[in-house]
Amino acid sequence: MIHCENLVKIYKAADIEVVALQGLDLHIAEGELMAIIGNSGSGKSTLLNMLGGLDRPSAGNLRVDGKDLLKFKESDLVTYKRETVGFVWQNNARNLIPYLTALENVELPILLQGRRKRHRALDLLEAVGLSHRSKNKLNELSGGEQQRVAIAIALANQPKLLLADEPTGSVDTKMANQILDLFRELNRNFGLTVVIVTHDPLLAKKVDRVVAIRDGKTSSEILRRKSYQEELLELEQGIVSSEADSHMEYAVVDKAGRLQIPANYLESIGASRTHKVRVEMEDGRIIILPSDK
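Residues numbered from 1 in each chain as written. Predicted model: local features only at pLDDT ≥ 70, side-chain atom pairs only at ≥ 80, totals over all residues. Heavy atoms only, no water.

## Here we look at the packing of helix α6 (residues 143-154) against helix α7 (residues 173-190)
It is the contact of α6 with α7, at a shortest axis distance of 10 Å, that shows an interaxial angle of 20°. The orientation of α6 with respect to α7, classified from their angle, is roughly parallel. In the packing of α6 onto α7, the handedness of the crossing is right-handed. Side by side, α6 and α7 meet where Gly-144, Gln-147, Arg-148 and Ile-151 of the first sit next to Met-175, Gln-178, Ile-179, Leu-182, Phe-183 and Leu-186 of the second. Taken together, the residues of the contact of α6 with α7 sort by class into six nonpolar, three polar and one charged. (Axes fitted to C-alpha atoms, helices over the stretch in contact; angles between N-to-C directions. Helix = DSSP H or I, 4+ residues; strand = E, 2+ residues; numbered from the N terminus. Parallel < 35°, antiparallel > 145°, perpendicular 65-115°, else oblique. Left-handed = near helix turned anticlockwise from the far one by under 90°. Contact = heavy atoms within 4.5 Å. Nonpolar A, V, L, I, M, F, W, Y, C, P; charged D, E, K, R; others polar.)

Following this line, the structure appears as C-alpha cells:
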C-alpha cells in the first residue's frame, strides 16, 4: 500500500533550513494496522502529512496504492484526498463542524461527492458505536464520542488508507483503549490499512507493527511474536505475558548499511562522548566497541 524510499523533507524559513526527514525508508502492506512513534520533532507528523497528500517531499520516492504522489498535479491531489485517504486529527476542531449534528457531520463529505446516501452515514455511526447519538450536536458529546464521529467522517468516502494523528491524545486511558480497539475492528471488518502516529509506546500492545522514527529516519521496528487475538485468548485463560514475550524490537538497517543505535546503549559502553566506535566481527556477530580515541 505504501512505499517510501529515501524521503527527504526540508522546510525553509528566511535563511534557515530545517531538515524534517533525512532519507526515510518505510514500506506498509495493504490491510496492515501499524503505528509510527517518535519524540516531538522526529518527523512523524511530516511523514503523515505526505501520506495524506497535504505536503510534498523535497526528494525521494513516495507511492501510495500504486500512485506516484510526486507526479501528482493539484487536481490529482484533490481526487486522492477525496477517494483514497481518510484523516483523523487529534484536535476535533479540525475534524468536526460544531453546529451540525453527529449524523450531519458524517453526511457532509458524502453529499460533497454528490451521493445522497443517508443510510451510509447511519451505518458508519453504527460501526463506531454511536447510532444512538446521531441527532446530538457536538457540545452534547464527550471527547471520546466526538473522536468516534471523526473516525466515521474519515470513513465516509470509503478510503483505502486511514491516517490518524495522535487520535488518543485528548482522551483518558479507558477511552483511548476503546478507540484503539475500534481501529482494530475497522481494520479487520473493512480491510482498511490504518497508520496511527503517536508518541505513546504502549500502542505496541494494540497494533501489529510499530515503527520508531528518530531524527527523520526509521530507527527501529517492534513486531509481534504472536497475534493480538492469541494474546486476548491467553488473557481469558489467565495467562499474562510480558511485552518482551509478546514483542521483539529490531534495529532498521538502510540500503547503505547504516543503523541508529539507541543513545542509552552507547552511553552504557562509554561511546556517547565521541562520534567514533569500533566495529568488529566475532563468532558471526557484529560487535560495537567504544573508540580508543
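Still to come is the rest of the account.
## Looking at α7
One turn of an α-helix holds 3.6 residues; hence residues three or four places apart share an orientation. Helix length check: α7, at 18 residues, gives a terminal C-alpha distance of 25 Å against a target of 26 Å (1.5 Å per residue), a fit within 8%. Residues of α7 that are buried include every one of Met-175, Ala-176, Ile-179, Leu-180, Leu-182, Phe-183, Arg-184, Leu-186 and Asn-187, and no others. Looking one or two residues past α7, Gly-191 carries a phi angle of roughly 70°, positive in sign. (Expected span 1.5 Å × (residues − 1). Buried < 20%, exposed > 50% of the residue type's maximum accessible area, 1.4 Å probe, protein only.)

## Quick word on the packing of aromatic side chains
Scanning the entire structure with this criterion turns up two aromatic pairs. Look at Phe-72 and Tyr-80: their rings are 5.9 Å apart centre to centre, the planes differ by 65°, and that puts the pair in the edge-to-face class. Neither Phe-72 nor Tyr-80 differs from the other in exposure class; each is buried. (Phe/Tyr/Trp six-rings, centres within 6.5 Å; stacked < 30°, edge-to-face > 60°.)

## Examining the packing of helix α4 (residues 102-112) against α6
Their axes nearest at 8 Å, the elements α4 and α6 cross at an angle of 25°. Of the possible angle classes, the one that applies to α4 and α6 is roughly parallel. As α4 packs across α6, the resulting crossing turns out to be right-handed. Mapping the contact onto sequence places Ala-102, Asn-105, Val-106 and Pro-109 in α4 and Val-149, Ala-152 and Ile-153 in α6. In the contact of α4 with α6, the residues fall into six nonpolar, one polar and no charged.

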